[in-house]
Amino acid sequence: MEASKIDDIFIDLITDFSGLIIKVIKGKFLDQDFKLGQSIFDTCPFLEVTLQSLPDSELFVIESMLIVSEGREFNVDLELFKSTENISIIIHNRSNVYKSVNHLNQSRNDLYFLKREIAEKNKELIRLREIADKANSEKSRFLAMMSHEVRNPLNVILGYTELINKEETSLMAQEYLKYITISGRNLKVIVDDILDLSRVEAGKLVLASEPMSISSIIEQIKNNYQGSHKDLDIELEFNVSDNLPEEVLGDDVRLIQILTNLINNSIKFTPRGTVTTSVELLFSDTDKALISFKVKDTGRGMTPEQADKIFDEYQQNRLSDNRMHNGVGLGLSIVKRLVDVMEGRIKVDSLKNYGTTISIDIPFKLDANADSRIAGVSDDNSAVSLKGKKVLVADDNFLNLSIVSHILDKEEAEHTLVKDGIEAISAMNKSTFDIVLLDINMPNLKGDELIKRKEEMKQSNSEIPFLALTANNSKEDIEIYKGLGFAGVIPKPFTAIQFVEILKSHL
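Residues numbered from 1 in each chain as written. Predicted model: local features only at pLDDT ≥ 70, side-chain atom pairs only at ≥ 80, totals over all residues. Heavy atoms only, no water.

1. Side note on the overall build of the chain
Then step 1. Of regular secondary structure, the chain possesses 15 helices and 17 strands.
Then step 2. When the 507 residues of the chain are sorted by exposure, 43% land in the buried category.
Then step 3. Considering only contacts within the chain whose residues lie at least 6 apart along the sequence, 63% involve residues at least 24 apart.
Then step 4. A total accessible area of about 27900 Å² is found for the chain, and carbon and sulfur atoms account for 52% of it. (Helix = DSSP H or I, 4+ residues; strand = E, 2+ residues; numbered from the N terminus. Buried < 20%, exposed > 50% of the residue type's maximum accessible area, 1.4 Å probe, protein only. Contact = heavy atoms within 4.5 Å. Areas by Shrake-Rupley, 256 points an atom, 1.4 Å probe, with all protein chains shown as cover.)

2. Let's talk about the pattern of salt bridges
Then step 1. On inspection of all chains with the given rule, the structure shows 13 salt bridges.
Then step 2. Among the salt bridges present, the one from Asp77 reaches Arg94, with a minimum N-O distance of 3.2 Å. Taken together, the residues span a long stretch of sequence, with Asp77 in strand E4 (residues 72-82) and Arg94 in the loop between strand E5 (87-93) and helix H3 (95-165) at a distance of 17 residues.
Then step 3. Since its relative accessible area comes to 11%, Asp77 is described here as buried.
Then step 4. Since its relative accessible area comes to 31%, Arg94 is described here as partly exposed.
Then step 5. Lys336 is paired through a salt bridge with Asp340; the nearest N and O atoms lie 2.8 Å apart. Here Lys336 pairs with Asp340, and both are found in helix H9 (residues 331-341), just four residues apart, close to one helical turn.
Then step 6. Classification of Lys336 by relative accessible area gives partly exposed; the value is 27%.
Then step 7. By relative accessible area, Asp340 is classed as partly exposed at 41%.
Then step 8. Here the residues in one salt-bridge network are Asp285, Asp287 and Lys288, joined through shared partners. (Salt bridge = Lys/Arg side-chain N within 4 Å of Asp/Glu carboxyl O.)

3. Here's the deal with the pairing of strand E3 (residues 59-69)
Then step 1. As defined by bridge partners, E3 adjoins E4 across nine bridges and the pair is classed as antiparallel. Residue pairing for E4: Phe60 is matched across the bridge by Leu80.
Then step 2. Between the antiparallel neighbours E3 and E4 lie two residues, among them Glu70 with a positive phi of about 55°. (Pairing = 2+ DSSP bridges.)

4. Here we look at the packing of helix H6 (residues 252-268) against H9
Then step 1. Where H6 contacts H9, the axes come no closer than 9 Å and their chain directions differ by 145°. The interaxial crossing formed by H6 with H9 has left-handed handedness. Seen from H6, the contacting residues are Arg254, Gln257, Ile258, Asn261, Leu262 and Asn265; seen from H9, they are Gly331, Leu332, Ile334, Val335, Leu338 and Val339.
Then step 2. Tallied by class, the residues present in the contact of H6 with H9 amount to seven nonpolar, four polar and one charged. (Axes fitted to C-alpha atoms, helices over the stretch in contact; angles between N-to-C directions. Left-handed = near helix turned anticlockwise from the far one by under 90°. Nonpolar A, V, L, I, M, F, W, Y, C, P; charged D, E, K, R; others polar.)

5. A closer look at the nonpolar core
Inside soluble globular proteins, nonpolar side chains tend to come together where they are buried.
Then step 1. In this structure, Ile214, Leu255, Ile291, Phe293 and Phe364 are the most contacted members of the largest nonpolar core, which totals 40 residues.
Then step 2. Of all elements in the fold, only helix H5 (214-228), strand E7 (234-240), H6, strand E9 (273-284), strand E10 (288-297), H9, strand E11 (345-351) and strand E12 (355-365) reach the threshold of two or more residues within this core.
Then step 3. In terms of residues, this core owes the most to one element, H6, which gives seven residues.
Then step 4. Ignoring sequence-local partners within four residues, the contact set of Ile214 consists of Leu244, Val248, Leu255, Val279, Ile291, Phe293 and Phe364.
Then step 5. Counting 22 residues, the second largest nonpolar core, distinct from the first, contains Met442, Ile451, Phe466 and Tyr481. (Core = buried A, V, L, I, M, F, W, Y, C linked by side-chain atoms within 4.5 Å.)

6. A look at the packing of helix H10 (residues 398-410) against helix H15 (residues 496-505)
Then step 1. For the pair H10 and H15, the least separation of the axes is 11 Å and the interaxial angle reads 70°. Classified by the angle their axes make, H10 and H15 are roughly perpendicular. Relative to H15, H10 is oriented so that their crossing is right-handed. Across the interface between the two elements, Val404, Ile407 and Leu408 from H10 touch Ala496, Phe499, Val500 and Leu503 from H15. (Parallel < 35°, antiparallel > 145°, perpendicular 65-115°, else oblique.)

7. So, the confidence of the model for the chain
In low-pLDDT regions, the fine details of the predicted coordinates are not to be read closely.
Then step 1. When pLDDT is averaged across the chain, the result is 82; 86% of the residues are at 70 or more.
Then step 2. Per-element averaging of pLDDT across the chain places helix H8 (residues 321-324) at the bottom with 42 and E10 at the top with 95.
Then step 3. In this model residues 317-328 is a low-confidence stretch, pLDDT under 50, and it forms 23 contacts with partners more than four residues away in sequence or in other chains.
Then step 4. Scored below 50 in pLDDT, residues 371-379 shows 18 contacts in the model against residues more than four places distant or in partner chains. (pLDDT = per-residue confidence, 0-100.)

8. Quick word on the side chain of Asp395
Then step 1. Residue position: Asp395 is located in the loop between strand E13 (390-394) and H10.
Then step 2. Residue Asp395 is classed as buried on the basis of its relative accessible area, which comes to 2%.
Then step 3. Here the side chain of Asp395 touches Lys492 through a polar contact of 3.1 Å, side chain to side chain.
Then step 4. Those residues in contact with Asp395 that lie beyond four places of it in its chain are Asn400, Leu401, Val418, Lys419, Asp439, Met442, Leu469 and Lys492. (Polar contact = N/O pair within 3.5 Å; in protein donor to acceptor, adjacent residues only side chain to side chain.)

9. Some thoughts on the pairing of E12
Then step 1. In terms of residue burial, E12 counts as a mostly covered element, since nine of its 11 residues are buried.
Then step 2. As judged from the 10 bridges shared by E10 and E12, these two strands associate in the antiparallel manner. Among the inter-strand pairings, Ser292 is bridged to a residue of E12, identified as Asp361.
Then step 3. Where E11 lies against E12, seven bridges are found, and the strand directions are antiparallel. Counted as the bridge partner of Leu351 is Gly355 from E12.
Then step 4. Where E11 folds back on E12, the antiparallel hairpin that results is connected by three residues, among which Asn353 adopts a positive phi of roughly 75°.

Below you can see the structure in the form of structure tokens.
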């Protein structure tokens, strides 16, 4: 059987010098074409000249020739040997071999062109990535600049409304101030959301992991809403379980941002009724705790289709929502992203015309050896007084200086106000201060540049605490400023209470 298969792929024959086949020795390859008395040139016309020029007594090989039999093409190799009497010819059928070789060559060519195409695509991807990186860098720079430019007037708006709220005014003025305060705080939330969305997209949002009290955070949020929402037709309720851990490790700023966004969203879509914030412990062991936060309202509710879309960016369930409720549709998108970064889960339950409940379960780590001081909440500074303290404030924004001046006047602190870094250095060379506040972006000499020139100041001033006044208050920004030599950061916009507490904590 095997021999038969081998016979089919070759034929061994002898011709005379004129090409006439005089003997078939072995093999069956195209034996119907290579018969006794038939000319070899009928099937192999290319041999006509070759046989006449063959060398004597030498093996002559011809490769990759094409012959045709009954309309079929065959690739063959030939071995020829010319003796003194005749010519011996062996014809090998290499069709399958050459077909495979052709396929391999084609595949090799295809691979070569594919590799070249991939290389070109990679070059294009590198170029597009460079463009995207540059665009992201420009976007980050733009957002940082816009953050500073927006937060400065926002600080003025919120600062002056807070100062005016403490004065005796008419009921109508109080009503106007209430709504100015609400709008200002909403604007602050929008600015924070836009910046955080950019950080999340760029993968630059880093969460803090510091001791914090969930109960204290809820109390802080409750106090923030007491003044601005006391006259609305909405009752705000806060329920906190008694069995919460005293402290957990987490990012108190982001948690406040999440809950504030949820409460603000419920208030927007609850013309009258109740918004209830509840916190309870779902699970805890020695090193972790799972805590549930729920914000429930009795507002207009949503259909299942609307509920599926509320975490999409810029999503508003009605076209008029962004005009009526002063939002851009980023709040809940930021909430979802922050919860995801915290490895938590978020769920929406809503019924049209009956209200909505948004539930969030967040795992927190526990640290039995954590410092008992709650992160994000200052130590008790009631014994610390600013009375008589000498404070230098450098800020190029006159209205910001005016607000700071009012706050320090109420605290009976002595203060010197200057509008840039050059004037600040001059002031520090003339007088000794207890603390210095530097705006980061000032003309002539910025705050982050000034602090590098401490050696130019009086020795007494070079050793006192310097605080950065800035809208750039992300965790990464604060670490950078502390690395430059700042003792801390006063974030814009700030409240009078927050401003005073930060100063006291560094004196």
